[in-house]
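# What the coordinates show
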Amino acid sequence: MSKKLLVVGLLGVITILGIWCTKPGLFPEDGYDPRLSGGMATIFDLSSQSFSHPIPGLSAWDSHVHEKGDQIFEQNFVAAPAPLFSGLGPIFNNVSCISCHHNDGKGTPSFGAVNSSMLMRVSLPGEDEHGGPVPVPGFGLQIQDRSVLGYVPEARVSVSYHDSVVSYPDGNTVVLQVPVYTVSNPYIPLPASTLFSPRMAPPVFGLGLLLRVPESEILSHADPDDADHDGIRGHPNYVYDPVLGKQVLGRFGLKANVGTLLVQVASAFQQDMGITNPVFPQENSAGQPQVDGLDDDPELPDSLLNAVKFYVETLAVPARRNVTDPQVKAGEQLFSQIGCASCHLPTLYTDVDVNFPALSNQRIHPYTDLLLHDMGPALADGRPDYQASGSEWRTAPLWGIGLFPKTNGTAYYLHDGRARSIEEAILWHGGEARKAKQNFMQLTASQRQAVLAFLQSL
Amino acid sequence: MKRQISQAVLLPIIMACMAFSSCSKSDQPTPADQQTIEQQTLDDFVQVVAIPQYAALQAQADTLQQIIQLFVQQPSDALLLQARNQWRQLRQVWEQCEGFLLGPVEDDEYDPRMDTWPVDYVQMDSLLASNQPLNIQTIQQLDLSLRGFHPVEYLLWGKDGNKSAADFTNREKEYLQALVADIVQNTTQLYQSWIPEGGNFAATIQLAGKGSSRYLTRLEALQAIAGAMADICDEVGNSKIAEPYTSRDSLITESPFSHNSMQDFVNNIIGARQVYLCAYGAKDGKGLSDLVALHNVALDNRIRQQFAAAIQALQQVTLPFEQAIYMQRTQLSQAMQALADLEATLSGPLQDYLQQYVKD
């Protein structure tokens, strides 16, 4: 009896060892299609709608919810009380999601107009009870620069530019435009110590993938003390999540200042449009003279809030173009060699999520590490946001940047849209990215063209 | 005699040649032919369809402005009726222009500036009750839901569609004039943004693959045009009709005061068909239809039939849309099905066809 057991046991051990020993090799790098920036969640479309497609494989019901979210994303809201889409304002930045996120992409760097995609964040020095920015009395955390009739905007914000010429060692020059922001006509005086941070609406596709990159993977790329002495640190932001009631890893927002899509969408409704919702049931003007005093909160039902959250979570990533072009391939190599890829990480992997096959366990190419980096004084806003200092920004994902001219008509880059081309955007880099920028400037003109051709292919 | 012989010999030879050339049909167009037709399709889309329609849009807006001017000077129910009819004319051209929502209309927000709904009654009422000046400058500072076609519709028809000329207040007349002036300005700018003397978006399309800043290949431009056709079919079927239909809610319809919604839908699809066939008014040119027929006549026929079926299905709805969502649900459901079929062909096989055959 015990002999039999021993034999069976031995056989079992041998089988297990056998499985362990024939460990399959890694799937070869060239077995992947480099066009699939979003893995299975990639869509092939070159048109102005290339950021606006659902991920493949949604069920009929999920497609319906996505569609519903799409409608609300595009819907103009109107002043309360109204039978439909009520609750705009009384003070706000824009009237619909799509007004700022044109074609689900970036927008136009202006303030206060119907197609403006900019807003001005404000705060006082210090930290609130959760470590976040301190609201400015009478203004909150951002300036609502438009209002419904009968109310006044909190202030006017405007931007003007002056030129600054950058010369390459080979003699070529590029003109950068340096923004100057002016806040005027505040409805009550702004404290002198107010900190300002202008921000332009970023694209909203591929967020379901970024959400599913495991926290451990993001943290594995952090190097807060620069232990490897490459001059690049990178650290995560931890932010307070009002739904979960605790600190979470920040993934979204230009300073990684939001942890979840629900909070991102809900705060955009409440802060940018003045539409109260189950997550933020108070008007953005609560406690200020301009609160509407209506007993209609939350103005947006949770079903619609969740539909919009689901919509941005399930927007697919556009495929790359020209990936076999020799110039593009050369540019891709240079991009790594000169150090861009240290922060703009080409490849990340998502976690397993059985509910969404297209988002689950995917090999993706967002070109970000989702970490904060010091970008130098020229890009600094001087306004800390949780653990992000006044000169730190989250590495922006680069997927889709080659399509901005299509989705947006005129393309603008960087956190406040100051760069009119990808080349200008590179030249604005400083701080931890200074070395990579200098390496770029040392390249020959044709090598620089190759890097730009590669970036255009994203 | 000699002459007779030569004629007698020549004629059969010519006829034989003609017969042979038509029989030895070398069906595959040469790459050069193919490229010529691709280029012509882009040229004619601009010259036959897009620019003339935007010109017509501007002309219709001008006419509406003249009628409103007369109405404000001497309000009468006859002029009110004329204004309402002209508003429908303007909408007809506009909705047909929505068959190609690409370029400036999309980049520069002409669509939301002119065609935003629902109308914001609350703000409109407070605006009318206030003493804020109502002219084109002040209008253009207002929210989008207080500008464009639908506030004009609301003013012309009233909430219940039974307004008479005597009901108009002075403030309403001022508002109406300012709104129409704003529409005229927008339609003028939109037209200007396409023509060579203006923003010249025409060149952006026509130079696709030859230096266009936006379309690096002809394929990209053709796909954008085909994509816009599919998008409008999708929007009419899955959004404009489906939303009020599924929620049985007549409040969320596009043109509720004039009961013009069904006409809006039909004109959207007619607009997309005009793009496909490259035919507008009395003019026609080479369109996507010709390009498809080069290699796949069956697909071309299928798209034509599905356009016809969709338009016919929409025309089966005889009641105003606001009533049809309760009373003619079968017809609406059939129309949505016809639109879904059309959309599936436009976004599937048509795109695949372009991908396969347009090589530049």
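Note that the structure is a prediction, hence the values are computed from the model and not measured.

A few words on the interface of chain B and chain A. Each partner contributes residues to the interface: chain B has 31 residues there, and chain A has 23 residues. Counting residues per element, the ones that place at least two in the side of chain B that touches chain A are α4 (104-107), α5 (110-114), α6 (121-129) and α11 (218-247) of chain B. Of the residues forming the side of chain B that touches chain A, the biggest block, eight residues, is contributed by α11 of chain B. For the side of chain B that touches chain A, the residue count by class is ten nonpolar, ten polar and eleven charged.

Moving on, we get to helix α8 (residues 149-157) of chain B. Residues and elements named next belong to chain B. For α8, a buried count of nine out of nine residues is recorded, marking the element as mostly surrounded by other parts of the structure. All buried positions along α8 are accounted for by Phe-149, His-150, Pro-151, Val-152, Glu-153, Tyr-154, Leu-155, Leu-156 and Trp-157. If you follow the buried residues of α8, they end up packed against α3 (77-97), α5, α6 and α9 (170-194). Just downstream of α8 lies Gly-158, where phi reads positive at about 80°.

Residues and elements named next belong to chain B. Across chain B, pLDDT averages 89, with 92% of residues at or above 70. Element-level pLDDT for chain B is lowest in helix α1 (residues 2-23), with a mean of 50, against a maximum mean of 97 in helix α14 (residues 297-315). With pLDDT under 50 throughout, residues 19-25 is counted as low confidence; its partners more than four residues away or in other chains account for zero contacts. Predicted complex metrics record ipTM = 0.70 and pTM = 0.82.

Turning next to the packing of helix α2 (residues 31-73) of chain B against helix α13 (residues 288-295) of chain B. Axes are the key here: two packed helices are described by the angle between their axes and the distance separating the axes. All names here are of chain B. With their axes 9 Å apart at the nearest point, α2 and α13 run at an angle of 160° to one another. In this view, α2 runs roughly antiparallel relative to α13, as classed from their interaxial angle. At the point where α2 passes α13, the crossing takes the left-handed sense. In contact with Gln-34, Ile-37, Glu-38 and Thr-41 of α2, α13 contributes Leu-288, Asp-290, Leu-291 and Leu-294. When grouped by side-chain class, the residues that make up the contact of α2 with α13 number four nonpolar, two polar and two charged.

Further remarks concern the pairing of strand β11 (residues 238-241) of chain A. A regular strand places its side chains so that they alternate between the two faces of the sheet. Residue and element names in this part refer to chain A. Sheet topology note: the β11/strand β12 (residues 246-249) ladder contains four bridges and is antiparallel. Considered in β12, the bridge of Val-239 is made with Val-248. Connecting β11 to the antiparallel partner β12 that follows it, the hairpin turn spans four residues, and Gly-245 within it adopts a positive phi of roughly 70°.

What follows concerns the sheet that holds strand β6 (residues 142-143) of chain A. Residue and element names in this part refer to chain A. The three strands are arranged β6-β5-β10 in an open sheet whose pairing can be described as antiparallel. Only two strands of the sheet have a single neighbouring strand rather than two, namely β6 and β10 (195-200). Where strand β5 (residues 118-123) lies against β10, six bridges are found, and the strand directions are antiparallel. Across the sheet, Met-118 pairs through a bridge with Met-200, a residue of β10.

The next subject is the packing of α2 of chain B against α11 of chain B. All names here are of chain B. Across the interface, α2 lies against α11 with an axial gap of 10 Å and an inter-helix angle of 50°. Between α2 and α11, the interaxial angle falls into the category oblique. Viewed along their axes, α2 and α11 form a crossing whose handedness is left-handed. Contacts from Glu-38, Gln-39, Thr-41, Leu-42 and Phe-45 in α2 reach Arg-218, Ala-221, Leu-222 and Ile-225 in α11. Of the residues in the contact of α2 with α11, the class split is five nonpolar, two polar and two charged.

Rules and cut-offs
- Here, residues in each chain are numbered from 1, in the same order as that chain's written sequence.
- A letter from A marks each chain and a number from 1 marks each ligand, given out in the order of writing.
- Given that this is a predicted model, residues contribute local features only at a pLDDT of at least 70 and side-chain atom pairs are listed and counted only at 80 or more, while totals for whole chains, interfaces and linings are drawn from all residues.
- It is the C-beta atoms, placed from the backbone, that decide contacts: two residues are in contact if theirs lie within 7 Å.
- Think of it this way: any DSSP run of H or I at least four residues long counts as a helix, any run of E at least two long counts as a strand, and we number them from the N terminus.
- Only Asp, Glu, Lys and Arg are considered charged, only Ala, Val, Leu, Ile, Met, Phe, Trp, Tyr, Cys and Pro nonpolar, and every remaining residue, Gly among them, polar.
- Every C-beta atom is placed from the backbone, and the number of other C-beta atoms within 10 Å of a residue's own sets its class: buried at 20 or more, exposed at 12 or fewer, partly exposed in between.
- A score between 0 and 100, pLDDT records how confident the predictor is in each residue.
- Working convention: axes come from line fits to C-alpha atoms, limited for helices to the stretch in contact. Angles between N-to-C directions cover 0 to 180 degrees.
- For this classification, under 35 degrees means roughly parallel, over 145 means roughly antiparallel, 65 to 115 means roughly perpendicular, and everything else is oblique.
- Should the near helix be turned anticlockwise from the far one by less than a right angle, the crossing is termed left-handed; should it be turned clockwise, right-handed.
- Pairing between two strands requires that DSSP report at least two bridges joining them.

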